[in-house]
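# Coordinates in review
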Amino acid sequence: MATLPYATPTDDQISWRDSARDSDLLPAHLVAFLQCGVSITLGARGRNGRPVVGAGVACRVSGMANVRVFLSRRTDAAVIDAVEAGSPIAATFSRARDHRSIQLKATRAVIRPTEPDDASEAARQCALLADDLVELGYARGQADVYAFLGAEDLVSLEFRPERIFTQTPGPGAGAELPR
Amino acid sequence: MSDVDLRSLRGAMEGFCASTLCTCDEEGLPNASMISQVHWVDEEHVALSYQFFNKTRRNLLATRQACVQLFDPATLAIYRLDLDYVETRTSGALFETMKAKLAGIASHHGLEKVFRLLGADVFRVVAMEQVQAPSARPACRDATLLSAVRACVDDFSRCQDLDDLADAVLDGVVRHLGVSHAILLMAECDGRLFALGSRGYAVSGIGAEILPGEGVIGVAACEGVPIRIGHMSTDYRYGAALGAAARSAGLVAEEPRGVPFPGLGTPHSQIAVPVSAGGRVLGVLFAESDEVMRFDHECEDALVLVAVQLGATMALLQEEDAEEAPAAPVPHVAEGSGVTVRHYSRDDSVFIGHDYLIKGVAGAILWRLLREHAATGRTDFTTRELRLDRSLKLPDHAENLDARLVLLRRRLEERGACLQLVKTGRGLFRLVCRSHITLEDAGEGEAAEVA
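- Under an unreviewed UniProt entry, the name given to chain B is Pyridoxamine 5'-phosphate oxidase, and the organism recorded is Silicimonas algicola.

- The name recorded for chain A in an unreviewed UniProt entry is Pyridoxamine 5'-phosphate oxidase, from Silicimonas algicola.

Here you go:
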């Protein structure tokens, strides 16, 4: 296990600094990362003011700026309710094999129906994550459930990231990647 | 609170995978992250590992609320818990338990240098929701575990003394609980532990020493709580600390003396359970495995029950009075070349010829018996007189004397030494010398011819 090359927060800062960007657009390497089959943790503030945690199933980025996270209406009812009540959103994307993690935050988000081809793209990303997990020692059944493979009743949670942070474990974790 | 019992979520808190966590700051902005460890504390509380002073930490201190999502790898169920912050513990049983578990998790994920436990954040669970229903049936071992524990304790009731009991517990955990590698250790009053017996290793390691706080065994004894690791961790490796400590204390210029610890080279699961009676730790029952995450919460419960009964039985057996000594012939002393037994007073270590035998209180006991034998020719002794002998500097509560005698007897037997201790009745034993023995106190260089 220890021979795998793990990512560091410094890696994130270097690749961020090196990517030429238009302030409104996300760098290509980040867009690729968000769509490569990562686990997605969602955070919101519920109607009662308490924090609510949820899990995204997959992600697509449209126009290099608009992040669309798919989630299950059944298992993520609490997050959907919070966002519909006007909650800000936090979404952390983590790659199982090297722990690279990026958190996006926005002060508002909307819930929309998914597009016709979203389900097949979501299934592709879930399958990639599940395969990674199996490689890391999960049983196939565990990996498939953990990666939400086959999740139905998807909706799309959409937002434009306002702040971006590296969450990769290590010194510098949590640092903002300035836009 | 929902009608789900928090205890039934323990499987989701084994540390199989990271859990997820959300906190909010004072303005209500959420922060989503992964958390290495959600630890089951009791029916109403969990603890989260505090490893870094980060946004999550700042939010927790500011708003005292969190929400975690857990995945049970056995049932494939997913749960969400609403938590209210209670306190942070930076020492003590809960902290040490989580620190050991985190070390295993960190090592498993290649993050041994990154993850360090700074505190155990205790939370009250205020709401619980099953996000995804169980879809797999876990291997139901609860019923067989209870029966296995019963079989272990049944064996204890047939034991006449601590010697029998040590064998019964080791055989029991192997036969009834399916443990492949087990060691029973007894505690010295200074916190060191000595192996009294083992199962599953190429060598028994009887007499091997563990320093206070060393590895899961040392921590379990110090804190009086079970310590369990599901993945290999170099932080809790045995042996290295002993040599380093001995050298730094200037005890030895040569290689540290002692019996090598018999443990597995690369254990993937370890559990150490303290054996206590009357509030004092008498020893530790240790088990390990090549398998990852071999010991779960239920296994820990089973071993704790066995250890509790072991401690109670040990205390009971030691209260028994000595019986009349049965008449037994004194063995003839073999003719032939004699052997020198050396004693080093600085740590009461005893050598037969040039070979290390034992140290500590067990070494002091042997030296005391040999000197008396040299002076008076006496061979039959009682544990009671040792308990009352102030020269041995036993602690006031010397109920672990029997364990030291068992250790000494087993070391002599295993070494095939020219000296043996033979049980002659309850609380009675005989020193048998099969060779001419010369005593030499290494500190003073005196020598006395005996036997």
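## Topic: the overall build of chain A
- Along chain A, the regular secondary structure elements total five helices and nine strands.
- The order of α-helices and β-strands along chain A, N terminus first, is α-α-β-β-β-β-α-β-β-β-α-α-β-β.
- Taken against the 2.2 N^0.38 rule, which gives 16 Å for 179 residues, the C-alpha radius of gyration of chain A at 16 Å falls within 12% of a compact globule.
- Dimensions of chain A, computed from the C-alpha atoms along their principal axes, are close to 40 × 40 × 30 Å.
- Relative to its 179 residues, chain A shows a buried fraction of 47%.
- For chain A, restricting intrachain contacts to residue pairs at least 6 apart in sequence, the fraction spanning at least 24 positions comes to 69%.

## Comments concerning the sheet that holds strand E10 (residues 209-210) of chain B
Residue and element names in this part refer to chain B.
- An order of E10-E9-E8-E13-E12-E11 is seen for the six strands of this open sheet, with the pairing classed as antiparallel. Looking at which strands have only one partner, the edges of the open sheet turn out to be E10 and strand E11 (227-229).
- As judged from the two bridges shared by strand E9 (residues 193-199) and E10, these two strands associate in the antiparallel manner. By the bridge assignment for E10, Leu 193 is matched with Ile 210.
- Sheet strands touched by helix H10 (residues 401-415): strand E8 (181-187), E9 and strand E13 (280-289). Its angle to E9, the strand with the most contacts, is close to 60 degrees.

## Quick word on the sheet that holds strand E17 (residues 380-382) of chain B
All names here are of chain B.
- Taken together, three strands build an open sheet; the order of strands is E17-E19-E18 and the sheet is antiparallel. Only two strands of the sheet have a single neighbouring strand rather than two, namely E17 and strand E18 (419-425). Across the sheet, the axes of successive neighbouring strands diverge by a mean angle of 30 degrees, strand direction being ignored.
- Both E18 and strand E19 (residues 428-433) contribute to a ladder of six bridges, which runs antiparallel. Its bridge partner lying in E19, Gln 420 is registered against Val 432.
- Helix-sheet contacts for H10 involve E18 and E19, and the interaxial angle to E18 is about 130 degrees.

## Quick word on the nonpolar core
- In this structure, Leu 42 of chain A together with Leu 185, Leu 196, Val 284, Leu 285 and Val 306 of chain B are the most contacted members of the largest nonpolar core, which totals 172 residues.
- With residues near it in sequence (within four places) discarded, Leu 185 of chain B still touches Leu 193, Phe 194, Ala 195, Leu 196, Ile 210, Ile 217, Gly 283, Val 284 and Phe 286 of chain B.

## Brief notes about the environment of Thr 168 of chain A
Residue and element names in this part refer to chain A.
- Tracing the sequence through the fold places Thr 168 in the segment after strand E9 (163-166).
- Taking the C-alpha atoms as reference points, Thr 168 and Pro 178, 10 residues apart in sequence, are found 16 Å from one another.
- For Thr 168, the residues in contact, after removing those within four places along its chain, are Ala 7, Thr 8, Pro 9, Asp 12, His 99, Arg 100, Ser 101 and Ala 173.

## Observations concerning the packing of helix H4 (residues 162-175) of chain B against H10 of chain B
Residues and elements named next belong to chain B.
- The contact between H4 and H10 brings their axes to 9 Å, and the two run at 75 degrees. Taken as axis vectors, H4 and H10 run roughly perpendicular relative to one another. Residues Leu 162, Asp 163 and Ala 166 of H4 form the contact with H10, whose own contacting residues are Asp 402, Ala 403 and Val 406.
- Taken together, the residues that form the contact of H4 with H10 break down as four nonpolar, no polar and two charged.

## Some details on the interface of chain A and chain B
- The interface of chain A with chain B comprises 32 residues on the first partner and 35 residues on the second.
- When contributions to the side of chain A that touches chain B are tallied by element, the ones reaching two or more residues are strand E1 (39-45), strand E2 (51-56), strand E5 (89-94), strand E6 (101-106) and helix H5 (140-146) of chain A.
- For the side of chain A that touches chain B, the residue count by class is 18 nonpolar, 11 polar and three charged.

## Regarding the packing of helix H8 (residues 361-376) of chain B against H10 of chain B
All names here are of chain B.
- Running from amino to carboxyl end, H8 crosses H10 at an angle of 75 degrees, the nearest separation of the two axes being 9 Å. Of the possible angle classes, the one that applies to H8 and H10 is roughly perpendicular. Contact residues: H8 offers Val 361, Ala 362, Ile 365 and Leu 366, while H10 offers Arg 404, Leu 405, Leu 407 and Leu 408.
- Residue composition of the contact of H8 with H10, by class: seven nonpolar, no polar and one charged.

## Some details on unusual backbone geometry
- The backbone of Asp 153 of chain A sits at a positive phi, close to 45 degrees, despite the residue not being glycine.
- With respect to the secondary-structure elements, Asp 153 of chain A resides in the loop between H5 and strand E8 (154-159).
- Positive phi outside glycine occurs at Arg 64 of chain B, with the angle close to 60 degrees.
- Among the structural elements, Arg 64 of chain B can be located in the loop between helix H1 (55-63) and strand E5 (65-71).

## Brief notes about H10 of chain B
Residues and elements named next belong to chain B.
- The end-to-end C-alpha distance of H10, which contains 15 residues, comes to 21 Å, matching closely the 21 Å that a straight helix rising 1.5 Å per residue would cover.
- Among the residues of H10, those classed as buried are Leu 401, Asp 402, Ala 403, Arg 404, Leu 405, Val 406, Leu 407, Leu 408, Arg 410, Arg 411 and Leu 412.
- Gly 416 sits one or two residues past H10 and shows a positive phi near 60 degrees.

## Quick notes on the pairing of strand E7 (residues 119-132) of chain B
Residue and element names in this part refer to chain B.
- The pairing of strand E4 (residues 45-50) with E7 spans six bridges and is classified as antiparallel. When the bridges of E7 are listed, His 45 appears paired with Arg 124.
- Two elements, strand E6 (residues 78-89) and E7, share 11 bridges in a ladder whose sense is antiparallel. Bridging from a neighbouring strand, Arg 89 pairs with Ala 120 of E7.

## Considerations on the confidence of the model for chain B
Residues and elements named next belong to chain B.
- Scored by pLDDT, chain B comes out at a mean of 84, with 83% of its residues at no less than 70.
- Predicted confidence for residues 239-256 stays below pLDDT 50, and this span has 14 contacts to residues more than four positions away or in other chains.
- In the predicted structure, residues 445-451 sits below a pLDDT of 50 and forms 16 contacts with residues beyond four places in sequence or in another chain.
- Taken over the whole predicted complex, pTM reads 0.80, whereas the ipTM for its chain interfaces reads 0.93.

What counts, and where the lines are drawn
Residues numbered from 1 in each chain as written. Chains lettered and ligands numbered in written order. Predicted model: local features only at pLDDT ≥ 70, side-chain atom pairs only at ≥ 80, totals over all residues. Helix = DSSP H or I, 4+ residues; strand = E, 2+ residues; numbered from the N terminus. Rg over C-alpha atoms; globule rule 2.2 N^0.38 Å. Buried ≥ 20, exposed ≤ 12 C-beta atoms within 10 Å, placed from the backbone. Contact = placed C-beta atoms within 7 Å. Pairing = 2+ DSSP bridges. Axes fitted to C-alpha atoms, helices over the stretch in contact; angles between N-to-C directions. Core = buried A, V, L, I, M, F, W, Y, C linked by C-beta atoms within 7 Å. Parallel < 35°, antiparallel > 145°, perpendicular 65-115°, else oblique. Nonpolar A, V, L, I, M, F, W, Y, C, P; charged D, E, K, R; others polar. Expected span 1.5 Å × (residues − 1). pLDDT = per-residue confidence, 0-100.

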